[in-house]
Amino acid sequence: MIMLAVVFGSWYDHVNGWWQKKKTYSNLHYMFFEDLVENTELEINKLCSFLGLSVSPEIEQHITGQVQFDNMKENKMTNYSTLSGAVMDFKTSPFMRKGKVGDWKNHFTVAQNEKFDEDYKQKMKDPSLQFRSLL
Ligand SMILES: *[C@@H]1O[C@H](CO)[C@@H](O)[C@H](O)[C@H]1NC(C)=O
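Residues numbered from 1 in each chain as written. Predicted model: local features only at pLDDT ≥ 70, side-chain atom pairs only at ≥ 80, totals over all residues. Heavy atoms only, no water.

K.L.:
I'm lost on the packing of helix α3 (residues 40–51) against helix α4 (residues 57–66) in this one. Help?
P.N.:
Each pair of packed helices can be summarised by the angle the axes make with each other and by the distance between the axes. At their nearest, the axes of α3 and α4 sit 10 Å apart, and the two run at 115° to each other. For the pair α3 and α4, the crossing hand works out as right-handed. Of the residues in α4, those touching α3 at T40, E41, I44 and N45 are E60, I63 and T64. Classifying every residue of the contact of α3 with α4 gives two nonpolar, three polar and two charged. (Axes fitted to C-alpha atoms, helices over the stretch in contact; angles between N-to-C directions. Helix = DSSP H or I, 4+ residues; strand = E, 2+ residues; numbered from the N terminus. Left-handed = near helix turned anticlockwise from the far one by under 90°. Contact = heavy atoms within 4.5 Å. Nonpolar A, V, L, I, M, F, W, Y, C, P; charged D, E, K, R; others polar.)

K.L.:
Would you mind going over the site of the ligand with me for this structure?
P.N.:
In the vicinity of the ligand, the residues found are K73, E74, N75, K76, N79, S81 and P94. Within the contact set of the ligand, an oxygen atom lies 3.3 Å away from a backbone nitrogen or oxygen of E74. About the coverage of the ligand: the protein hides 58% of its 360 Å² of free accessible area. For the shell around the ligand, the residue count by class is one nonpolar, three polar and three charged. (Near = heavy atom within 4 Å. Polar contact = N/O pair within 3.5 Å; in protein donor to acceptor, adjacent residues only side chain to side chain. Areas by Shrake-Rupley, 256 points an atom, 1.4 Å probe, with all protein chains shown as cover.)

Written out as structure tokens, the structure reads:
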């Protein structure tokens, strides 16, 4: 059984909802984790330009370092460790796992993957929203 409904609500509703909003709201910036991992500096640049910010190379380098997955996982301001155990049991599963794109391939069985693909196809109907890690 694949559990896609979580404490924060359905992942599908979350990504689809914001993707649809992005089409009509120009003041919305959508980022993909895969892009951030692949080229953090480029994504930081895009974000800064979206925000109309011009930052020095030093600041940009600092931000790029701070947003690396392993650094965010160890930062109590971003890893949800300040939340009480009532919301999430981190002994069962930390809020931030590995941050490796495509790691699902090491965990899903073929049967689980087929089930996931079926579910995904039903819930992700907008072809303009593509996640590279699932291709
Ligand atoms: C969250 O960050 C704190 C340090 O601020 C660290 O002690 C803790 O181990 C981190 N939690 C997880 C689940 O990585």
